[in-house]
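# Structure assessment
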Amino acid sequence: FCDGGVLEFGTTEQWSCPHQLRAAINVTLKLKAACDKTGAGYALFWAEHKGKLSPVAHYNTMARYTSCKARRGDEETFATKSKSVSIAVGEGLVGRAFAQEVEQFVPDACALTFD
C-alpha cells in the first residue's frame, strides 16, 4: 500500500533487504513529484560513496522519454546515461551542492561552464 494505492514492481533478481526497497520507492516518488511540480523532464538523486557522488535513482517523464526515443532511436536518456558518472564531493555543481549542503539554482543550464 502506497499513497492510497498499490505500487507493484518486480525483478528477476533476488532482493536482500525490504528497507532498501522502501527507500528506493520513496526516492523515486520524490523524483516524480519534483518533475510534476516543476515541469522538469527528468530528476536524478545523487548519493555519496567513498568520496564520490553517483546517481542512484532517476525519473524521466513519459514526454521526455518519448521525445528522446523519437530523436535517438534508443531507450537512453540523460538520466540513464548519467548512471555511469561519478563526481568527487566538492567538484562541479552537484559536488558543491552536496559538500556545502545548499541548494544550487541554475536558470540557464546551457550557460554552465566546466568548473
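The structure reproduced in this document is the subject of the present report. (Residues numbered from 1 in each chain as written. Predicted model: local features only at pLDDT ≥ 70, side-chain atom pairs only at ≥ 80, totals over all residues. Heavy atoms only, no water.)

We now examine unusual backbone geometry. Backbone geometry at Lys50 places phi at a positive 55°, although glycine is not the residue there. On the basis of relative accessibility, which here comes to 74%, the residue Lys50 falls in the exposed class. Of note, the phi angle at Glu101 is positive, near 55°, even though the residue is not glycine. Note on placement: Glu101 falls in the segment after α4 (92-100). (Buried < 20%, exposed > 50% of the residue type's maximum accessible area, 1.4 Å probe, protein only. Helix = DSSP H or I, 4+ residues; strand = E, 2+ residues; numbered from the N terminus.)

In this section: the nonpolar core. Counting five residues, the largest nonpolar core is built from Leu31, Cys35, Ala43, Ala57 and Tyr59. Those elements that provide at least two residues to this core are α1 (18-38) and β2 (52-60). Not counting residues up to four positions away in its chain, the partners in contact with Ala43 are Leu31, Cys35, Ala57, His58 and Tyr59. (Core = buried A, V, L, I, M, F, W, Y, C linked by side-chain atoms within 4.5 Å. Contact = heavy atoms within 4.5 Å.)

Next up on the list: the packing of aromatic side chains. In total, this model carries one aromatic pair according to the counting rule given. Where Tyr42 meets Phe78, the ring centres are 5.1 Å apart and the plane angle is 55°; that geometry is what we call tilted. Taken as a pair, Tyr42 in strand β1 (residues 42-49) and Phe78 in helix α3 (residues 78-81) lie far apart in primary sequence, 36 residues in all. The partly exposed category is assigned to Phe78, whose relative accessible area is 44%. (Phe/Tyr/Trp six-rings, centres within 6.5 Å; stacked < 30°, edge-to-face > 60°.)

Let us now look at the pairing of β2. For a regular strand, side-chain orientation follows a simple rule: the groups alternate between the two sheet faces. Relative to β2, β1 runs antiparallel, the two being bridged by eight bridges. Paired with Glu48 across the bridge in β2 is Leu53. Hairpin connection of β1 to β2: two residues between the antiparallel strands, including Lys50 at a positive phi of 55°. When β2 meets strand β3 (residues 87-88), the two strands line up antiparallel, connected through two bridges. Its bridge partner being in β3, Lys52 is matched across the sheet by Ala88. (Pairing = 2+ DSSP bridges.)

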